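Spelled out, the chains give:
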Amino acid sequence: MNISKAKSVMIIVFLALNLFLLYHLLEPGWGSIEDVITLEERQRMESMLAENNYVLEAEIPAKPEKSFFLTVTAPQKNIEELRELFFGDETIEVVEAEEGITYTSEKAVLFIQNNGFFSYIINQSQLGGDAAEAEVDEGEALDTASIFLQERGLLTEDTGKYEVRADNENEFTVIFYEEYEDIPLFSGHIKLSVKGDKVIEARSYRPRIVGVEDRQEMKVIPATAAVMRLIEELGYTGEEKTVSEIAPGFYSREYEAEEWEVPPVWRISIDEENQYYINAFTGNIENKESALQYK
Amino acid sequence: MNTEKLKTYILCGLVISGLILTSFLWYGDYPYYEDTEPVFQEVFFFEEPRSECGIVTPQKIVLPLEQENFTVFRRGEEGFHYIWDSLLEQLGRGSFEEQPAIYLPEEKPDIVLYFKPVIFPEMIFASDERERGSYSRGKIFIQSDEEIYIFFENTDNRGLLIKFNGESTGAALANITAEVLNKGYTVFSLLKDSESLRENGEDNEEGEAEEADASVGEELISEEDSAGGDDSEADNEIIDYRVEKDIYLPEEELMVSSLLRFDEEELSREDLLKAIFVDKELARRIAEPDGTLIFTDGERGLRISDSVEYTAPGLEGGAVTYTYRTALNKANEYICFYGGWADSLFLREIDKIGTAMGSNESFRGIWSYYVEGFPVLGERGTTEVRFNDQGLFYYRRSLLVPDFSPETARVAAAPGEEALREALGIYRNDSAREDGLVYIINDLFPAYIIDASEKTDETDAYLVWVVQVEEKKIFLDAVNLKQVFPGDSDEYF
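Every chain begins its residue count from 1, and numbering advances along the sequence as written. Throughout, the order in which chains and ligands are written sets their labels, letters from A for the former and numbers from 1 for the latter. Whole-chain, interface and lining totals are the exception, using all residues; otherwise, since this is a predicted model, local features are given only for residues with pLDDT of at least 70 and side-chain atom pairs are given and counted only at 80 or more. As a convention, hydrogens and water are excluded, and side-chain values are obtained from all of the structure's heavy atoms.

Points about the pattern of salt bridges
Basically, it comes down to this: Salt bridges, as used here, are contacts in which a Lys or Arg side-chain nitrogen is within 4 Å of a carboxyl oxygen on Asp or Glu. Note on conventions: DSSP H or I runs of at least 4 residues are helices, E runs of at least 2 residues are strands, and numbering of each starts at the N terminus. Here the term buried applies to any residue with accessible area under 20% of the maximum for its type, exposed to any over 50%, and partly exposed to those in between, with areas from a 1.4 Å probe on protein chains only.
Taken as a whole, this structure holds 41 salt bridges over all chains when the rule is applied. Notably, a salt bridge pairs Glu286(A) with Arg284(B), separated by 2.7 Å at the nearest N-O pair. In this pair, Glu286(A) is assigned in the segment after β17 (274–279) and Arg284(B) in strand β13 (residues 284–287), connecting two distinct chains. The exposure class assigned to Glu286(A) is buried, which follows from its relative accessible area of 17%. Residues Glu77(B) and Arg74(B) are paired through a salt bridge, measuring 3.3 Å at the closest nitrogen-oxygen approach. There is no split in this pair, since Glu77(B) and Arg74(B) are both buried.

As structure tokens, then:
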């Protein structure tokens, strides 16, 4: 090979290399997690976890880097519609109280609270023995829950993300969250308890999502910072615990309000049981006084 | 240039740029979250805190007259501000020195100042930093054109005598009081104990004890004087009382506005948000069905309806190591920073509350508007702050501003003595105590109250007599002396 040809080849090779390097510089998200959250940040978090006897088993999400307040309104409280959906023509007893209204039939109890929360609980003595003992897996439990909601028109188009958790043998908890632009609203959900191939309980609190109103996007704290903020609050744990999940979403507590703004959060699960919501703007723990437990 | 040379240059260029790009990747920091300059929001506050001499004003200024008579100027009255502002101006010049109490003049004082909250003399004397304690009363003796004595005293018999020398200070004060008196005044007298009244009644053969005072606690009460109804029998009985503080009651009929109307203070919501939240963009908004707006960042909350209410629960439960004087200055800062301190709003009291062991302690300050000398009381009409060493954790600001020139009809209020008699009867019946006891009268004054039970679009207040018999406060309509129940906790009265 003569020098001229060699030069041509080298030019092509280096040109390709330059293009490759340029692309990698301009699109950092294309890289691995180590490219998007600095090593220093990760090391600080891991060090803090270790000092407080926590182990990280969750993946650290790289996004989002910016977010906004989500505006929601109070859940619709279609009392008659819900009564119709759950009881149809059944004979029911009605009790009205200060906090809400309760419908009771032979098979179930439906309580609709004034703020829009409702719970539907089956009278388990009415369940057939076969139904309760049917062996099901997570997938089947999810199907049972989905069908239950679809039959009652409660699986709406803004319901997306779901979670399935095994409680005991043949008993599962299935949660469907509302979503906005594929980001879950953790405080807007319907939670179902499935036993065998039957739904035995449904609890729902679903504010209506309005969207983003007159608010600009703002920077959020990285997931690593959210984890450190939580560990700082929880402190040292005697028994080793696991950070089992870190997920972005929206969350606020319930309000007796017409309309309110919901902040973006990092949801951090400890041992797959306790869930904490860290405000992604401020780092405050939104549910400081209570942790959502699935048990 | 021939082709080979061009190729060489291109190749060199690509090699160099490759090295440069590689170094960017190798050494460059990729915080995924942009490393931007921190944004420092300008600290916003409504107004600068007042100077110390503007924090505490006397509750009343009394000018002794002849024959155990007085005239009284209360907060909100024109004469009051003229005297007080002039006094402050005089005390801002000249020199002073502390004197032994034996030099206290024997004659009666020319001006008496009653302070609640208590005053620290160094707050009103310019260039005096030495701490001399707090006092609830100040007596001014004008000795000459240049010299005055001020005797500060307290209920625990502590006293501080100050001799003040200033160019024409004495003359100026004498002229000011004369000027005020020349404009006309109402004569007041001190409320006496029931025992004193009976003694006066026995000593005076012609029975010339003042009719209004004599009606109280006396056995012989005319039927015309009795309040009538079911209490008529109680009215005729002797109810002994003792007066614990100086209570001045007008000798003449008290003409008052039958109703007090209010306007809403215009306070910029945006300014409030900027003042309270470091970054107001981080505060989320909650709209309640009744139109109330709440803003919170998870640690602090601001609620805006017909009042402004701020809470920071995380700061509660702390201790207080401030001195009382520091607490006065802190209260001054908080109200000025978060909304401002209007001239017609007065600090009515500031107290340390909470447990004695140091935890969960706080200072509480309460402000009221004064209309024609009478305070506007009740939760809806007052402004309150609570704070500890950690900072302000509660602030409620009434947005109701009274009409200071009410145009409603003037009516005659019932005499204070009759209000006292009525209140004593109520207290005795309610407390079911034995006959023959002596009741302690801790306070008696007229005030406007906004009824907490009525929340309509029109906010009105009406005048009542507030009678504190021992620890209980009794409220009587100032015109018909019927008992009223404002519905708020006693701390707002």
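Moving on from the coordinates now.
Considerations on the environment of Val55(A)
All names here are of chain A. Applied cut-off: In what follows, residue pairs with any heavy atoms lying within 4.5 Å of each other are defined as contacts.
Take Val55: it is sitting in strand β1 (residues 54–56). C-alpha of Val55 to C-alpha of Phe186: the two residues are 131 residues apart in sequence and 24 Å apart in space. Excluding its chain neighbours within four sequence positions, the residues that come into contact with Val55 are Glu240, Lys241, Thr242 and Val243.

Some points on the packing of aromatic side chains
All names here are of chain A. For clarity, the threshold we go by: Only rings of Phe, Tyr and Trp enter the pairing, Trp through its six-membered ring, and a pair is recorded when the two centres are within 6.5 Å. The plane angle decides the type: under 30 degrees is stacked, over 60 is edge-to-face, the rest tilted.
Using the criterion set out here, one finds 35 aromatic pairs over all chains in the structure. Taking 5.4 Å as the distance between ring centres and 90 degrees as the angle between the ring planes, the aromatic pair formed by Tyr177 and Phe186 counts as edge-to-face. Like Tyr177, the residue Phe186 is buried in the burial classification. An aromatic cluster is present here, built from Phe86, Phe87, Tyr103, Phe118, Tyr120 and Phe148 joined pairwise through their rings.

Structural notes on empty space enclosed by the protein
To find leftover empty space, one rolls a probe the size of a water molecule over the atoms. All names here are of chain A. Defined as follows: A cavity here means a set of 1 Å grid points, computed over protein atoms only, where a 1.4 Å probe fits but cannot escape. A pocket is an open set with protein on both sides within 12 Å along at least 5 of 7 lines, and lining residues have an atom within 4 Å of a point. Grid points are joined across faces, edges and corners, and a volume is the space filled by probe spheres set on the points. Each residue receives one of three labels: charged for Asp, Glu, Lys and Arg, nonpolar for Ala, Val, Leu, Ile, Met, Phe, Trp, Tyr, Cys and Pro, and polar for the others, Gly being one of them.
Counted according to the given criterion, the structure contains four cavities of 30 Å³ or more. Quantified by volume, the largest cavity comes out at close to 70 Å³. Taken together, Pro64, Ser67, Ile183, Val220, Pro248, Gly249, Phe250, Pro264, Val265, Trp266 and Ala280 form the lining of the largest cavity. Mapped onto the lining of the largest cavity, the elements with two or more residues apiece are β14 (241–250) and β16 (264–270). Residues belonging to the lining of the largest cavity are distributed by class as follows: nine nonpolar, two polar and no charged.

What to know about the interface of chain A and chain B
Defined as follows: Summed over both partners, the accessible area (1.4 Å probe) lost when two parts come together is defined as the buried area. For the purposes of these results, a polar contact is taken to be a pair of N or O atoms within 3.5 Å, where, inside protein, one atom must be able to donate a hydrogen and its partner to accept one; residues adjacent in sequence count only when each atom of the pair is a side-chain atom.
Each partner contributes residues to the interface: chain A has 46 residues there, and chain B has 32 residues. Across the interface of chain A and chain B, roughly 3,500 Å² is buried in total on both sides, 58% from carbon and sulfur atoms. Counting every contact that joins chain A to chain B gives four salt bridges. As a salt-bridge pair, Glu4(B) and Lys7(A) come within 3.6 Å of each other at their nearest N and O atoms. Between chain A and chain B we count 16 residue pairs in polar contact (both at pLDDT 80 or more) in total. No other element matches the 12 residues that helix α1 (residues 3–26) of chain A contributes to the side of chain A that touches chain B. Broken down by class, the residue content of the side of chain A that touches chain B amounts to 24 nonpolar, nine polar and 13 charged.

A few points about the packing of helix α3 (residues 39–51) of chain A against helix α7 (residues 223–234) of chain A
All names here are of chain A. Worth spelling out the cut-off: Between N-to-C directions, angles span 0 to 180 degrees; the directions come from axes that are lines fitted to C-alpha atoms, helices contributing only their stretch in contact. Angular relationships are summarised with four words: roughly parallel below 35 degrees, roughly antiparallel beyond 145, roughly perpendicular across 65 to 115, and oblique for the angles in between. If you view the pair so one helix is near and one far, a crossing is left-handed when the near helix is turned anticlockwise from the far one by less than a right angle, and right-handed when it is turned clockwise.
Where α3 meets α7, the axes come as close as 9 Å, and the angle between the chain directions of the two elements is 20 degrees. Classified by the angle their axes make, α3 and α7 are roughly parallel. Between α3 and α7 lies a crossing whose hand is left-handed. Within the contact between the two elements, α3 uses Glu41, Arg44, Met45, Met48 and Leu49 and α7 uses Thr224, Val227, Met228, Ile231 and Glu232. When its residues are assigned to classes, the contact of α3 with α7 shows six nonpolar, one polar and three charged.

Here's the deal with the layout of surface pockets
Residues and elements named next belong to chain B. Here the second largest pocket is characterised by a volume of approximately 1,300 Å³. In terms of lining, the second largest pocket is formed by 44 residues, of which the most central are Gln59, Lys60, Lys116, Lys245 and Asp443. Along the lines of polarity and charge, the residues of the lining of the second largest pocket split into 21 nonpolar, eight polar and 15 charged.

Here we look at the pairing of strand β24 (residues 438–450) of chain B
All names here are of chain B. In plain terms, the rule: Only strands that DSSP links by at least two bridges are regarded as paired with each other.
Counting buried positions along β24 yields 10 of 13 residues, so the element is predominantly enclosed. Sheet topology note: the strand β9 (residues 240–243)/β24 ladder contains four bridges and is parallel. Looking across to β24, one finds that Tyr241 is bridged to Tyr439. Where strand β19 (residues 374–377) and β24 come together, two bridges link them in parallel fashion. Looking across to β24, one finds that Val376 is bridged to Tyr448.

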